[in-house]
Amino acid sequence: MLTTEDFTHFPLQMWEKVLSKVKKAVVFMDDKCAEALHWSGGAAALLEAGAKNLKQFSSFEACGANEPKAVFVVSTLLKGRTVDIIKDIISLSHFQYCVVFTTVAHSVHLLANNVTAEMEGNPVFEQFEEKLCEWMGNMNYTAEVLHVPVVFAPVSQQLLLTPTFADLFPLLSPDLETINAKRPEKKRFGSLIDIDIHSLPAELQIEIKSLTSVLNAMFEATGTREESFAVGPMSRIIAGELASHPQAKNRRKTAPNKASIIFVDRTMDITGAVGHHGDNLAEKILTVLKPLPGHLTDVQVDMLALTNLQRNPHPQNTLAPGCLANNQSPAAQSLWEAMLTSKHKEGVMEVRRQLVEAASKENLPIKMSMGRVTPEQLCSYVQLFRSNWGALESHCGVLQLGLAAAQTLCHPSLPRWDSCLAFERLLLQALGDSDFPAVLRQLLPLMQPRGGEDSSASGSRSSKDDCRPDELILLLVYLYSLADEAQPAEQNAEAEELEKLERELIGALTLLITRETELSPLLQKLTGCANPEELTMEVAHSAVEDMFETLRGLSHARDHLKQLRSVYTASDGVHQATYRPFLRQILEEVFHPDRLECPDIEHMSGGLTDLLKTGFSMFMKVSRPHPSDNPLLFLFLVGGVTPAELRLIKEIVTTHKPGTQVLVLSTRLLRPTDMPELLFTTQRLAPDIGV
């Protein structure tokens, strides 16, 4: 019987195909493939396979005369900018042998070239091989172009990420308006759920078909016959494409193993993605530590504590950072799993336990202490390894995770997590007692300028206690995602009051942003300005207005659902109002002992058979496929998953159906701060596919 382990090994099997070609080669790799490799052995795997060097996929890179072989690994179509970069590198080098790996299937290349007919062989790849020989300057030199789906990053035993599709995000209300604007009035869509793949822009169609192609490749390699289910408009499109994939139809006839896959749109539960209720150590580490350059998931861990170097203002210029991806070490892997899927306190205790165990194995003079775990205590344990190179090498993975935990626990921005959580809880209670404008108005006082000319008269709070624009935007997203849960008021009066209040909020937030002395990455993307000097009041005001346009549609994402329409449980006088995760509701439906059919979890794999069953069900009892039918369940979160949700999934499966194996797939591992960027700055209708 298949296990989740068979699927977490699939990325390693795909990388083996790349490793078989890298001997004596210089490897050029784009950032998305590099991130996938990072969680599958990293650069060390390439060098151990015989690669001479690993370089960035850039027109500014090249090789010398003594480096005749190159391997390119790209996550894009072999078109446009990607082709230009490959040509630039080859033109500046002296290659005699080039291998190009693309994660995009040949069938998708045909689609991108407007070829709809089925063709024998791989003509697009063959033509590109000829171009490579032409650029190398000799048609007798060797060129190979191959498709290998190296898109999965096995971040944990429970989670596979797809860095290549990190920007794939469910469509929002403004996207519906954009799509409808290009259609005749009589053919416009009434809601997002009505949109089909053919009405999407070409770039987005290609990205979706590329995703379903790699999913099909994974199921093909593991001999799996899947039943697809979907919750949400984008998930319906993806699941429908997977169901109708030409190769998938043949595979399902002969595949011996069965599995269910449920695609879920992130927009079904924005509240869970921006809230600070995740009592999870990994989520806090990912939020407060700086990202590893070029990566979306991993972070930089300061390794100075393991050296005898003196701290200076720019230690990053002296010392390479550590990271969280240490999947070569079983001890580090089990510790990372605990940090990712346990409660905060349990995760911290496990970090201390593993550090103590590692020190004991090496006979290091450790001083045991019980009670609360402190960052100073963790650092003191780590520093025991400093002068023992053998011990340091043996336990490097655990030490990096220990330092990541210690640096997070003493990080100056960590107290803001609790402040945001406290305010979110207040807003949650207020929603049950007041109408939406009354709750929203509570954000206005937080938008008073920090320490400015207006602050002296009002006795302003110290700047460290104030909400920064990024935090205010997070609170706005949190509140608007729950807008429908507020107490109803007279419709016309509420609409007028809300419109007036939004104008005040837009003005206050605009003023606050323009007074920033340094623009955060989110504000830079939101406004299109790299520094405050470029930012004008008009640009900031326009960006904030656009943001509110998107915010207004967030609470309507679940309008098309019949049963799972709310993520909010109001106070009953005894218990406080609570947020009820959407994933919890889905899994409770899936694992319900009575095997109830939930109308919101739509079966997508049936084709003609399913249509016949639907017809017969009108006058006789027909058994439809159910997600719990199979021993293996995939949850694909389109738009990202949080560490808190991974813990939740693990707990629910353990409680409701212990024998079931569940593997989570997602486009990215989310921090609360990621969601505003995905909502307000991502080009959802025109993803970057390298053209």
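Rules used throughout
- Residues numbered from 1 in each chain as written.
- Predicted model: local features only at pLDDT ≥ 70, side-chain atom pairs only at ≥ 80, totals over all residues.
- Heavy atoms only, no water.
- Helix = DSSP H or I, 4+ residues; strand = E, 2+ residues; numbered from the N terminus.
- Rg over C-alpha atoms; globule rule 2.2 N^0.38 Å.
- Buried < 20%, exposed > 50% of the residue type's maximum accessible area, 1.4 Å probe, protein only.
- Contact = heavy atoms within 4.5 Å.
- Areas by Shrake-Rupley, 256 points an atom, 1.4 Å probe, with all protein chains shown as cover.
- Expected span 1.5 Å × (residues − 1).
- Salt bridge = Lys/Arg side-chain N within 4 Å of Asp/Glu carboxyl O.
- Pairing = 2+ DSSP bridges.
- Axes fitted to C-alpha atoms, helices over the stretch in contact; angles between N-to-C directions.
- Phe/Tyr/Trp six-rings, centres within 6.5 Å; stacked < 30°, edge-to-face > 60°.
- Core = buried A, V, L, I, M, F, W, Y, C linked by side-chain atoms within 4.5 Å.
- Disulfide = S-S within 2.5 Å.
- Parallel < 35°, antiparallel > 145°, perpendicular 65-115°, else oblique.
- Left-handed = near helix turned anticlockwise from the far one by under 90°.
- Nonpolar A, V, L, I, M, F, W, Y, C, P; charged D, E, K, R; others polar.
- Polar contact = N/O pair within 3.5 Å; in protein donor to acceptor, adjacent residues only side chain to side chain.
- pLDDT = per-residue confidence, 0-100.

1. What about the overall build of the chain?
Then, in step 1: In terms of helices and strands, the chain carries 29 helices and 14 strands.
Then, in step 2: Taken against the 2.2 N^0.38 rule, which gives 26 Å for 691 residues, the C-alpha radius of gyration of the chain at 26 Å falls within 12% of a compact globule.
Then, in step 3: Looking at the chain residue by residue over its 691 residues, the buried ones come to 55%.
Then, in step 4: Residue pairs in contact within the chain that sit at least 24 positions apart in sequence constitute 77% of those at least 6 positions apart.
Then, in step 5: Entry remark: accessible area of the chain is about 30,900 Å², with carbon and sulfur atoms responsible for 51%.

2. Some remarks on helix α25 (residues 537-554)
Then, in step 1: Here α25 spans 26 Å end to end across 18 residues, near enough to the 26 Å set by a 1.5 Å rise per residue.
Then, in step 2: Looking only at α25, the buried set comprises Ala 540, Ala 543, Val 544, Met 547, Phe 548, Thr 550, Leu 551, Gly 553 and Leu 554.

3. Notes on the pattern of salt bridges
Then, in step 1: Here the structure, examined in full by the defined rule, presents 24 salt bridges.
Then, in step 2: Here Arg 580 ties to Glu 588 by a salt bridge, and the two come within 2.8 Å at their closest N and O atoms.
Then, in step 3: Judged by relative accessible area, Arg 580 falls into the partly exposed class, the value being 32%.
Then, in step 4: For Glu 588, a relative accessible area of 22% translates into the label partly exposed.
Then, in step 5: Each of the salt bridges in this network shares a partner with another, and the network as a whole consists of Glu 226, Arg 251 and Arg 252.

4. Side note on unusual backbone geometry
Then, in step 1: Positive phi outside glycine occurs at Asn 114, with the angle close to 60 degrees.
Then, in step 2: Along the chain, Asn 114 turns up in the loop between α6 (106-112) and α7 (123-136).

5. Side note on the sheet that holds strand β2 (residues 53-56)
Then, in step 1: Across the sheet, which stays open at both edges, the five strands sit in the order β2-β1-β3-β4-β5 with parallel pairing between neighbours. Bordering the open sheet on either side are β2 and β5 (142-147), each of which pairs with just one other strand. The average undirected angle you get between the axes of adjacent strands in this sheet is 15 degrees.
Then, in step 2: With four bridges connecting them, strand β1 (residues 26-29) and strand β3 (residues 69-74) associate as parallel partners. Each bridged residue has a counterpart across the sheet, and for Val 27 the counterpart in β3 is Val 71.
Then, in step 3: Helix α5 (residues 80-91) contacts β1, β3 and β4 (97-102) of the sheet and is inclined by roughly 165 degrees relative to β3.

6. Describing the packing of aromatic side chains
One pair of aromatic rings is described through two measures. These are the centre distance and the angle between the planes.
Then, in step 1: Using the criterion set out here, one finds 12 aromatic pairs in the structure.
Then, in step 2: On the numbers, 6.4 Å between centres and 70 degrees between planes, the contact of Phe 28 with Phe 95 is edge-to-face. You can see Phe 28 sitting in strand β1 and its partner Phe 95 sitting in the loop between α5 and β4, a full 67 residues away along the chain.
Then, in step 3: One aromatic cluster in this structure is built from Phe 28, Phe 57, Phe 72 and Phe 95.

7. With respect to the sheet that holds strand β7 (residues 159-161)
Strand pairs in the sheet, formed through backbone hydrogen bonds, run parallel or antiparallel to each other.
Then, in step 1: With mixed pairing, the seven strands of this open sheet are ordered in space as β6-β7-β14-β13-β9-β8-β12. Since the sheet does not close on itself, it has two edges, and those belong to β6 (153-156) and β12 (602-603), each with one partner.
Then, in step 2: Here strand β8 (residues 224-231) pairs with β12 via two bridges, running antiparallel. Each residue of the ladder has a partner; that of Ala 230, found in β12, is Glu 602.
Then, in step 3: Sheet strands in contact with helix α9 (residues 202-221) are β7, β8, β9 (257-265), β13 (632-638) and β14 (661-666), and its direction is about 165 degrees off that of β13.

8. Description of the nonpolar core
Then, in step 1: Core analysis: the largest hydrophobic core is formed by 137 residues, its most contacted members being Leu 440, Leu 443, Leu 476 and Met 547.
Then, in step 2: When residues of this core are assigned to their parent elements, the largest contribution, nine residues, is made by helix α22 (residues 469-480).
Then, in step 3: With near-sequence residues (within four places) excluded, Leu 476 lies in contact with Leu 440, Leu 443, Met 447, Leu 509, Met 547, Phe 548 and Leu 551.
Then, in step 4: Phe 101, Leu 215, Met 234 and Leu 242 belong to the second largest nonpolar core, which has 60 residues in total.

9. Let's talk about α7
Then, in step 1: Its 14 residues give α7 an end-to-end C-alpha distance of 20 Å, which sits within 8% of 20 Å, the value for a rise of 1.5 Å per residue.
Then, in step 2: Among all positions of α7, only Pro 123, Val 124, Phe 125, Phe 128, Leu 132, Cys 133, Trp 135 and Met 136 are buried.
Then, in step 3: Looking at the buried positions of α7, the neighbouring elements they touch are α5, β4, α6 and β5.
Then, in step 4: Looking one or two residues past α7, Gly 137 carries a phi angle of roughly 95 degrees, positive in sign.

10. Some remarks on the environment of Leu 475
Then, in step 1: Tracing the chain through its elements places Leu 475 in helix α22.
Then, in step 2: Separated by 51 residues in sequence, Leu 475 and Glu 424 place their C-alpha atoms 7.3 Å apart.
Then, in step 3: Once you skip the residues sitting within four places of it in the chain, Leu 475 turns out to touch Phe 423, Glu 424, Leu 427, Leu 443, Leu 446 and Cys 467.

11. Section: the environment of Phe 582
Then, in step 1: Its location among the elements puts Phe 582 in helix α26 (residues 582-590).
Then, in step 2: C-alpha of Phe 582 to C-alpha of Ile 513: the two residues are 69 residues apart in sequence and 33 Å apart in space.
Then, in step 3: The contacts of Phe 582, once residues within four sequence positions are left out, are Val 231, Val 264, Met 268, Asp 269, Arg 558, Leu 561, Leu 564 and Val 567.

12. Overview of the state of the cysteines
Then, in step 1: One pass over the full model with this rule turns up zero disulfides.
Then, in step 2: The closest cysteine sulfur to the non-disulfide-bonded Cys 420 is located on Cys 467, 6.0 Å from its own sulfur.
Then, in step 3: Using a relative accessible area of 11% as the deciding quantity, one classes Cys 467 as buried.

13. Regarding the packing of helix α14 (residues 330-341) against helix α15 (residues 344-361)
Then, in step 1: Following both chains from N to C, one finds α14 and α15 inclined at 160 degrees, their axes separated by 8 Å at the closest point. Here α15 runs roughly antiparallel to α14, going by the angle between their axes. Here α14 runs over α15; the crossing is left-handed. Across from Ala 331, Ser 334, Leu 335, Ala 338 and Met 339 in α14, the residues of α15 making contact are Gly 347, Glu 350, Val 351 and Gln 354.
Then, in step 2: Per-class residue counts for the contact of α14 with α15 are five nonpolar, three polar and one charged.

14. Quick notes on the side chain of Asn 326
Then, in step 1: Among the secondary structure elements, Asn 326 is positioned in the loop between α13 (281-288) and α14.
Then, in step 2: Of note is the side chain of Asn 326, whose polar atom sits 3.2 Å from the backbone oxygen of Cys 323.
Then, in step 3: Beyond its immediate chain neighbours, meaning those up to four positions away, Asn 326 contacts Ala 332, Gln 333, Gly 397 and Gln 400.

15. Some words on the pairing of β14
Then, in step 1: The element β14 is extensively covered by neighbouring structure, given that five of its six residues are classed as buried.
Then, in step 2: Pairing of β7 with β14, which is carried by three bridges, proceeds in the parallel orientation. Each bridged residue has a counterpart across the sheet, and for Leu 160 the counterpart in β14 is Leu 665.
Then, in step 3: Pairing of β13 with β14, which is carried by six bridges, proceeds in the parallel orientation. Considered in β14, the bridge of Leu 632 is made with Gln 661.

16. Examining the confidence of the model for the chain
Then, in step 1: Confidence in the prediction for the chain averages 90 pLDDT; 93% of positions are at 70 or higher.
Then, in step 2: Counting contacts from residues 452-462, a segment whose pLDDT is below 50, to residues more than four positions away or on other chains yields 10 contacts.

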